[in-house]
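Results of the structural survey
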Amino acid sequence: MPVPRLIPIAHEPDHRTDTIGRYDGGLFLASAWDHHAYVHLFDHDGTYRNSTITRVPDRGALSEALDELLASLPGKSYGDVAVRLFQTRQDGVVFGLVDESGDRAGDGSHVDWVELYPDRLGFHEPWDGLYDT
């Protein structure tokens, strides 16, 4: 099954997709990675709008930085989302949902695969929103 136009991502409380959902303006994906806290915003149809990415010198302050980004989203509620592929860069780091379909194992077989960067969460058939790491 080829990569769908909208990639479902399941909300999993207390796991790596626990800060995704809806807000008054559409959908959001938020997380913290290395020294970055970020939120990606999408319209109600899952089309990418923009990202706010904050570099945090002290990794101990990542949680607080992420909480501040999330607090800025009016009407925020956590839950499953489905969004289109997108990609942006900051500080030399790729942030996005990128189609990496192809011969991933090097054995000549084709796999349809989408990777969420920089989190390194992989999405694939049956496209149910669950991820592999």
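What you see is a predicted model, and the numbers here were worked out from it, not measured in a lab.

A word on the environment of alanine 10. Along the chain, the position of alanine 10 falls in the loop between β1 (7-9) and β2 (20-23). A relative accessible area of 11% places alanine 10 in the buried class. Taking the C-alpha atoms as reference points, alanine 10 and valine 56, separated by 46 residues in sequence, lie 27 Å from one another. The contact partners of alanine 10, leaving out residues within four places of it in the chain, are Thr17, Ile20, Asp80, Gly129 and Leu130.

A complete count under the given rule lists one salt bridge for this structure. Ionic pairing is found between glutamate 115 and arginine 120, a salt bridge with its closest N-O pair at 3.1 Å. On the basis of relative accessible area, glutamate 115 is assigned to the buried category, the value being 4%. A relative accessible area of 46% means that arginine 120 is categorised as partly exposed.

Relative to the assigned elements, alanine 61 resides in the loop between β5 (48-55) and α1 (62-71). Measuring from C-alpha to C-alpha, the distance between alanine 61 and glycine 79 comes to 25 Å, with 18 residues separating the pair along the chain.

This part takes up the side chain of aspartate 119. Tracing the backbone shows aspartate 119 in the loop between β10 (113-117) and β11 (121-124). Within the buried core, aspartate 119 has no salt-bridge partner, and the shortest N-O distance to an opposite charge, that of arginine 16, equals 4.9 Å. Once you skip the residues sitting within four places of it in the chain, aspartate 119 turns out to touch Arg16, Ser31 and Tyr38.

One open sheet accounts for four strands, arranged β8-β9-β10-β11; its pairing is antiparallel. In the strand order of this sheet, the two ends are held by β8 (86-90) and β11, each with one partner. Averaged over all pairs of adjacent strands, the angle between their axes in this sheet comes to 20°, without regard to strand direction. Judged from the five bridges that link them, β8 and strand β9 (residues 93-99) form a sheet pairing that is antiparallel. Among the inter-strand pairings, phenylalanine 86 is bridged to a residue of β9, identified as leucine 97.

Moving on, we get to the nonpolar core. In this structure, Ile9, Leu29, Val81, Val83, Leu97 and Phe123 are the most contacted members of the largest nonpolar core, which totals 16 residues. Secondary structure elements with two or more residues in this core: β1, β3 (26-33), β7 (81-83), β10 and β11. Every residue in contact with leucine 97, bar those within four places of it in the chain, is listed here: Ile7, Ile9, Val83, Arg84, Leu85, Phe86, Val114, Glu115, Leu116 and Phe123. Membership of the second largest hydrophobic core comes to 13 residues, among which are Phe28, Ala30, Leu66 and Leu73.

Looking at the element boundaries, histidine 40 is found in strand β4 (residues 36-42). Side chain to side chain, histidine 40 and serine 51 meet in a polar contact 2.6 Å long. Excluding residues that lie within four positions of it along the chain, histidine 40 makes contacts with Leu27, Phe28, Leu29, Tyr48, Asn50, Ser51, Phe86 and Phe95.

By the definition in use, this model includes six aromatic pairs. On the numbers, 4.7 Å between centres and 15° between planes, the contact of tyrosine 48 with phenylalanine 86 is stacked. Here phenylalanine 86 lies in strand β8 and tyrosine 48 lies in strand β5, a separation of 38 residues in the sequence. Take tyrosine 48: its relative accessible area is 25%, and that puts it in the partly exposed class. Since its relative accessible area comes to 6%, phenylalanine 86 is described here as buried. Here the aromatic rings of phenylalanine 123 and tyrosine 131 are separated by 6.4 Å at their centres, their planes lie at 70°, and the arrangement is edge-to-face. A relative accessible area of 1% places phenylalanine 123 in the buried class. Judged by relative accessible area, tyrosine 131 falls into the buried class, the value being 18%. These aromatic residues form a ring-pair network of at least three members: Phe42, Tyr48 and Phe86.

Reading the values: rules and limits
- Residues numbered from 1 in each chain as written.
- Predicted model: local features only at pLDDT ≥ 70, side-chain atom pairs only at ≥ 80, totals over all residues.
- Heavy atoms only, no water.
- Helix = DSSP H or I, 4+ residues; strand = E, 2+ residues; numbered from the N terminus.
- Buried < 20%, exposed > 50% of the residue type's maximum accessible area, 1.4 Å probe, protein only.
- Contact = heavy atoms within 4.5 Å.
- Salt bridge = Lys/Arg side-chain N within 4 Å of Asp/Glu carboxyl O.
- Lys, Arg positive; Asp, Glu negative; His and termini not counted.
- Pairing = 2+ DSSP bridges.
- Axes fitted to C-alpha atoms, helices over the stretch in contact; angles between N-to-C directions.
- Core = buried A, V, L, I, M, F, W, Y, C linked by side-chain atoms within 4.5 Å.
- Polar contact = N/O pair within 3.5 Å; in protein donor to acceptor, adjacent residues only side chain to side chain.
- Phe/Tyr/Trp six-rings, centres within 6.5 Å; stacked < 30°, edge-to-face > 60°.

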